[in-house]
2 protein chains.
Amino acid sequence: MGQDKDFEYLGKIQDYFAEHKTLPTFSHVAQLLGFKSKNAVTSFVARLKLQGFIDYAPDKRLKPGRRFFERIIAESTVQAGFATPTYGDSLDTIGIDDYLIEKPSQTILITVRGDSMKDAGIFDGDVVIVEKRAFANVGDIVVAILNKEFTLKTLGKEDGQFVLIPANRDFPVIRPNGDFEIFGVVVGQFRKYG
Amino acid sequence: MGQDKDFEYLGKIQDYFAEHKTLPTFSHVAQLLGFKSKNAVTSFVARLKLQGFIDYAPDKRLKPGRRFFERIIAESTVQAGFATPTYGDSLDTIGIDDYLIEKPSQTILITVRGDSMKDAGIFDGDVVIVEKRAFANVGDIVVAILNKEFTLKTLGKEDGQFVLIPANRDFPVIRPNGDFEIFGVVVGQFRKYG
DNA sequence: TGACACTGTGTACATTCGTACAGTAAATTT
DNA sequence: AAATTTACTGTACGAATGTACACAGTGTCA
């Protein structure tokens, strides 16, 4: 199938975008993919456009289509392993931003310092995605304002009183005497290695 | 200062990018900002370029500069707290993808099943970002192919032999007798709550 | 085998690009 | 008040853009 080759080409264009933050011109695409004619690009682009990977800007130049940033998620199971996925497979495919952030205007990113949420898989240096709102459920990981300080803890309840529980045995459960405020709820987390 | 007006203009251009995933041409910028001449754009762009917000693509068109996507990540410290960032909604959709994925075409996402990397902060259901390559350093978290099965472990060395170390005391260190292959290296991880 | 879609080549072309240069009007400096 | 700088207008222009059309090679399918 030409499909496979198109996806190989798409990969190169995605790499170009990752590097330059803009899509190449027709001529550059031709150069990038080894075509000797710009017209080869025209039809190639038309194919990708049908599938939503590439689109046209108001001025006919190329711009990323709605699926351009999508990524394939493969399933790994400890025992069974997984196969290398391709676009053809009907696996979930997502853009990470869209997946993690639902309400951009109410969402902020916070780099976490300290190990108090270590056992919840939130390490020093991780970034948490926080949706700003005043209400949370027991069990949610929340950003709370306590004594005018922000802190990241799991929201719990003891004897009808809300408590803030760290996910690390070395830290104490906080039982706020006065009141505290919920700044937001952690809806996601990410980490970069290296 | 003209500075303020420039930033106001920059905001409009960032909005344009958020919508179109590409920067406008000089003519469109003029239109967007209410200029009647393209040349007004030339000098305006020159100013933003000096500050690193906008750059030129290989073909002289505009592309986002290194500071264009500056995302507002607040720092949280356990004791000191953090301040609410000012530009709440300038998180663009490309931000996280771009941060986590450097080589899109060689990168795949894998949903992790099992608790074998729990102590490394990789939980059941988390998604890891894997850059496909055959070589890794000791200490890297790798996806290895062992007995035709894929597995996620930390790469270690014992007596000059590579070993695969799970980040969970309940799992054994794997000392491959035969050879194993490195499928890729984990360069990032993310998780969604709720 | 022949018809026919694909994929890419090569040439031609109107449109649009970003830039150069000359000029105006207002703000800033001296 | 004169000189200079800044911010923008307006026209002109070579270069590069994306598109159109004719054509060649390859594989597919009846």
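Preceding block: the structure.
These numbers come from a predicted model, not from an experiment.

Caption draft 1: Quick look at the overall build of chain A. Across its full length, chain A carries 4 helices and 10 strands. Across chain A, helices and strands are ordered from the amino to the carboxyl terminus as α-α-α-β-β-β-β-α-β-β-β-β-β-β. Burial statistics for chain A: of 194 residues in total, 51% are counted as buried. Expressed as a percentage of contacts within chain A between residues at least 6 apart in sequence, the contacts between residues at least 24 apart total 46%. As displayed, chain A has an accessible area near 9,800 Å², and 50% of this comes from carbon and sulfur atoms.

Caption draft 2: Main features of helix α3 (residues 38-50) of chain B. Residue and element names in this part refer to chain B. Under the 1.5 Å per step criterion, the end-to-end length of α3 is 19 Å for 13 residues, consistent within 8% with the ideal 18 Å. The backbone nitrogen of Asn 39 lies 3.1 Å from a side-chain oxygen of the residue at the head of α3, namely Ser 37. Looking at the residues trailing α3, positive phi occurs at Gly 52, about 85°.

Caption draft 3: Focus on the protein's contact with DNA strand D. Contacts to DNA strand D come from 14 residues, most closely from Phe 26, Ser 27, Lys 38 and Asn 39 of chain A together with Asn 39 of chain B. Counting only the atoms of DNA strand D that lie within 4 Å of the protein, the sugar and phosphate share comes to 45%. Thr 25 of chain A places a side-chain nitrogen or oxygen 3.2 Å from a phosphate oxygen of DNA strand D. Interatomic distance of 2.6 Å between a side-chain N/O atom of Lys 38 of chain A and a base nitrogen of DNA strand D. Counted by class, the surface near DNA strand D contains 4 nonpolar, 6 polar and 4 charged residues.

Caption draft 4: Broad picture of the pairing of strand β10 (residues 181-192) of chain A. When you tally the buried positions in β10 of chain A, you get 10 out of 12 residues, the bulk of the element. In the sheet, strand β6 (residues 127-132) of chain A pairs with β10 of chain A via 6 bridges, with the strands oriented antiparallel. Among the inter-strand pairings, Ile 129 of chain A is bridged to a residue of β10 of chain A, identified as Gly 188 of chain A. Sheet topology note: the strand β7 (residues 141-146) of chain A/β10 of chain A ladder contains 4 bridges and is antiparallel. Pairing of Val 143 of chain A across the sheet is with Gly 184 of chain A, part of β10 of chain A. Bridge count between β10 of chain A and strand β9 (residues 181-192) of chain B: 5 bridges; the pairing is antiparallel. Opposite Lys 192 of chain A, over in β9 of chain B, you have Gly 188 of chain B as the bridge partner.

Caption draft 5: Structural detail: the protein's contact with DNA strand C. Around DNA strand C, a shell composed of 14 residues is seen, among which Asn 39 of chain A together with Phe 26, Ser 27, Lys 38 and Asn 39 of chain B lie nearest. The share of sugar and phosphate among atoms of DNA strand C within 4 Å of the protein is 46%. Measuring from a phosphate oxygen of DNA strand C, one finds a side-chain N or O atom of Ser 27 of chain B at 3.0 Å. At the level of secondary structure, the elements contributing two or more residues to the surface near DNA strand C comprise α3 (38-50) of chain A together with α2 (26-33) and α3 of chain B. In the surface near DNA strand C, the residues fall into 4 nonpolar, 6 polar and 4 charged.

Caption draft 6: Examining the pairing of β7 of chain A more closely. Residues and elements named next belong to chain A. Most of β7 sits inside the fold, with 6 of its 6 residues counted as buried. In β7, alternate side chains face the same way, and those of Ile 141, Val 143 and Ile 145 on one face and Val 142, Ala 144 and Leu 146 on the other are all buried. Of the pairings in the sheet, the one linking β7 to strand β8 (residues 149-158) comprises 6 bridges and is antiparallel in character. Within β8, the position partnered with Ile 141 by the bridge is Thr 154. The loop that links β7 with its antiparallel partner β8 comprises 2 residues; one of these, Asn 147, has a positive phi angle of about 55°.

Caption draft 7: How the structure looks around the environment of Arg 67 of chain B. Residue and element names in this part refer to chain B. With respect to the helices and strands, the residue Arg 67 is situated in the loop between β2 (62-64) and β3 (73-76). Residue classification places Arg 67 among the partly exposed positions, given a relative accessible area of 29%. When residues no more than four places from it in sequence are discounted, the contact partners of Arg 67 are Gln 51, Gly 52 and Phe 53.

Caption draft 8: The nonpolar core, seen in detail. With 35 residues, the main nonpolar core has Phe 44, Ile 54 and Phe 68 of chain A together with Phe 44, Ile 54 and Phe 68 of chain B as its most contacted residues. No other element matches the 5 residues that helix α1 (residues 2-20) of chain A contributes to this core. Excluding residues within four positions of it along the chain, Phe 68 of chain B makes contact with Leu 10, Ile 13, Gln 14, Phe 17, Leu 23, Gly 52, Phe 53 and Ile 54 of chain B.

Caption draft 9: Just the packing of aromatic side chains, in detail. In the structure shown here, the tally under the stated rule is 12 aromatic pairs over all chains. Measuring from centroid to centroid gives 5.4 Å for Tyr 9 of chain A and Phe 35 of chain A, while their planes differ by 90°, and the two rings are edge-to-face. Separated by 26 residues along the polypeptide, Tyr 9 of chain A in helix α1 and Phe 35 of chain A in the loop between α2 (26-33) and α3 bring together distant segments of the chain. The exposure class of Tyr 9 of chain A is buried, given its relative accessible area of 12%. An angle of 90° between the planes, with centres 5.4 Å apart, marks the rings of Tyr 9 of chain B and Phe 44 of chain B as edge-to-face. Separated by 35 residues along the polypeptide, Tyr 9 of chain B in helix α1 (residues 2-20) and Phe 44 of chain B in helix α3 bring together distant segments of the chain.

Rules of the game
- Residues numbered from 1 in each chain as written.
- Chains lettered and ligands numbered in written order.
- Predicted model: local features only at pLDDT ≥ 70, side-chain atom pairs only at ≥ 80, totals over all residues.
- Heavy atoms only, no water.
- Helix = DSSP H or I, 4+ residues; strand = E, 2+ residues; numbered from the N terminus.
- Buried < 20%, exposed > 50% of the residue type's maximum accessible area, 1.4 Å probe, protein only.
- Contact = heavy atoms within 4.5 Å.
- Areas by Shrake-Rupley, 256 points an atom, 1.4 Å probe, with all protein chains shown as cover.
- Expected span 1.5 Å × (residues − 1).
- Polar contact = N/O pair within 3.5 Å; in protein donor to acceptor, adjacent residues only side chain to side chain.
- Near = heavy atom within 4 Å.
- Nonpolar A, V, L, I, M, F, W, Y, C, P; charged D, E, K, R; others polar.
- Pairing = 2+ DSSP bridges.
- Core = buried A, V, L, I, M, F, W, Y, C linked by side-chain atoms within 4.5 Å.
- Phe/Tyr/Trp six-rings, centres within 6.5 Å; stacked < 30°, edge-to-face > 60°.

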